[in-house]
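Structure at a glance
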Amino acid sequence: MVRVKHRYLVATFLYPGAPTATSSKESLSQLLQFNQPSSDQLDVPFLLKAIRQGVAELFGDYGAGVVSPSLRINYLSPATSTAIIRTPRAHCQLVWAALTFMTQLPMPISQPCVVRVVRLSGTIRKAEHEVIRRAKIIIKRAQEDA
């Protein structure tokens, strides 16, 4: 029996041009506007559905068939707008392409977004280290701007 091998995509959700709730005095820096938290409605089943729809739109029934059985969200943080997505190794490019072409979160959120894949990893451990490293960098840059 052959073991199915996986890849882990670390994806971040950026929100360009999103309105801020602060006054003109307390305007956020450009960094914080792009890296704002995601909506509380963004959860694992919602994101899985959006990715599957994207793969089906781009690659049809073939893409949906090869990706859907082993597609899984290992980590999703709306606070940092970061996700770790497990995909089959042979077809990780299909999921990556679907994420790249996603320009808006589907209903009920309907918010324009840019999904950026920042790391492709063979192990969950390295993907988790990348998430932690990126969060530290964003916090450090935000403290410098303040």
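Residues numbered from 1 in each chain as written. Predicted model: local features only at pLDDT ≥ 70, side-chain atom pairs only at ≥ 80, totals over all residues. Heavy atoms only, no water.

In the nomenclature of an unreviewed UniProt entry, the protein is known as Ribonuclease P/MRP protein subunit POP5 of Lophium mytilinum. Looking at the protein in UniProt, the text filed under Sequence similarities (unreviewed entry) is "Belongs to the eukaryotic/archaeal RNase P protein component 2 family." (UniProt positions renumbered as here; feature names shortened; annotations may be inferred.)

Time to look at helix α3 (residues 92–100). All of the buried residues in α3 are C92, L94, V95, A97, A98 and L99. Looking at the packing, one finds that the buried side of α3 touches β1 (6–14), α2 (44–67), β3 (82–88) and β4 (114–121). (Buried < 20%, exposed > 50% of the residue type's maximum accessible area, 1.4 Å probe, protein only. Helix = DSSP H or I, 4+ residues; strand = E, 2+ residues; numbered from the N terminus. Contact = heavy atoms within 4.5 Å.)

Moving on, we come to the nonpolar core. Looking at soluble globular proteins, one finds that nonpolar side chains tend to be buried together. Judged by nonpolar contacts, the single largest core of 27 residues is most densely connected at L42, L47, I51, I85, V95 and L99. Elements supplying a minimum of two residues to this core: β1, α2, β2 (72–77), β3, α3 and β4. At seven residues, the largest contribution of residues to this core is made by α2. Not counting chain neighbours up to four residues away, the residues in contact with I85 comprise R7, Y8, L9, A11, I51, L71, R72, I73, V95 and L99. Of all hydrophobic cores here, the second largest spans five residues; its members include Y8, V10, I84 and V131. (Core = buried A, V, L, I, M, F, W, Y, C linked by side-chain atoms within 4.5 Å.)

It is worth spelling out the packing of α2 against α3 at this point. At their nearest, the axes of α2 and α3 sit 8 Å apart, and the two run at 165° to each other. By the angle class used here, α2 and α3 are roughly antiparallel. Our pair here, α2 against α3, has a crossing hand that is right-handed. Of α3, the residues touching α2 (which contributes I51, G54, V55, L58, F59, G63, V66 and V67) are L94, V95, A97, A98 and L99. Looking at the contact of α2 with α3 residue by residue, the class counts come to eleven nonpolar, two polar and no charged. (Axes fitted to C-alpha atoms, helices over the stretch in contact; angles between N-to-C directions. Parallel < 35°, antiparallel > 145°, perpendicular 65-115°, else oblique. Left-handed = near helix turned anticlockwise from the far one by under 90°. Nonpolar A, V, L, I, M, F, W, Y, C, P; charged D, E, K, R; others polar.)

A few words on unusual backbone geometry. Although it is not a glycine, S81 adopts a positive phi angle of roughly 55°. Mapped onto the elements of the fold, S81 is located in the loop between β2 and β3.

Between its first and last C-alpha atoms α2 spans 16 Å; for 24 residues at 1.5 Å apiece the expected length is 34 Å, and the helix comes up short by more than 12%. Taken as a whole, α2 carries its principal kink of about 135° at F59. Considering only its buried residues, α2 is in contact with β1, β2, β3 and α3. (Expected span 1.5 Å × (residues − 1). Bend = angle between axes of the 7 residues up to and from the residue.)

Spatially, the four strands line up as an open sheet ordered β2-β3-β1-β4, and their pairing is antiparallel. The open sheet has two edge strands, β2 and β4, and neither has a second partner. Ignoring which end each strand starts from, the neighbouring axes of this sheet average 25° apart. Where β1 meets β4, seven bridges bridge the pair, whose relative direction is antiparallel. Considered in β4, the bridge of F13 is made with V115. (Pairing = 2+ DSSP bridges.)

On the secondary structure map, R116 appears in strand β4. R116 sits in the partly exposed class, given a relative accessible area of 39%. Aside from chain neighbours lying at most four places away, what touches R116 is V10, A11, T12, L14 and R134.

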